[in-house]
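# Coordinate inspection notes
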Amino acid sequence: MQYIKAPKALAAYLGLLDSRSTFADGSYLLWDRDLMRLCGSGSIEELITQVGSIILTAPEVRAEQNEECEPHPLPPVTLPVLLEYMQSHGYPLPESDPQEEQPESVQPESDTGSNPESGPDTNQEEEQK
């Protein structure tokens, strides 16, 4: 059995809010078997990351529950079905990485005229025609 530190939204989605322990930061202690119905054909380790959770050892669980250590941070949720649940039930969505918001294929227009096909000189010539 593995101990899973999970966000409250996952515990709610699984219907486990009233039957699982919590950590001081509001996260929930689940077991790997709690996640089996979401696992499908993938590995449990992949799923744990996708649902914004981490695996803890028994001593790590005890230390965090007793507030003898800093809380272990959780990764952002990326599983689409859980993100939809979070949005529809008012849970905060993970913040996206500012670098991910800008598609790599979109480049700002250049005013240097270094590319004759896209520089300002070409545009002016087309407007005059």
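A short tour of the structure in this document, coming up. Just so it is clear, the model here is predicted, and its values are computed rather than measured.

Cut-offs applied
- Residues numbered from 1 in each chain as written.
- Predicted model: local features only at pLDDT ≥ 70, side-chain atom pairs only at ≥ 80, totals over all residues.
- Heavy atoms only, no water.
- Pairing = 2+ DSSP bridges.
- Helix = DSSP H or I, 4+ residues; strand = E, 2+ residues; numbered from the N terminus.
- Axes fitted to C-alpha atoms, helices over the stretch in contact; angles between N-to-C directions.
- Contact = heavy atoms within 4.5 Å.

Let's shift gears to the sheet that holds strand β1 (residues 3-6). Read across the open sheet, the three strands follow the order β2-β1-β3; overall the sheet is antiparallel. Since the sheet does not close on itself, it has two edges, and those belong to β2 (28-31) and β3 (54-56), each with one partner. The sheet shows a mean angle of 40° between the axes of neighbouring strands, direction not considered. Looking at chain direction, β1 and β3 are connected through three bridges and run antiparallel. Bridge pairing links Tyr3 to Leu56 in β3. Lying over the sheet, helix α4 (residues 58-65) contacts β1, β2 and β3, oriented at roughly 95° with respect to β3.

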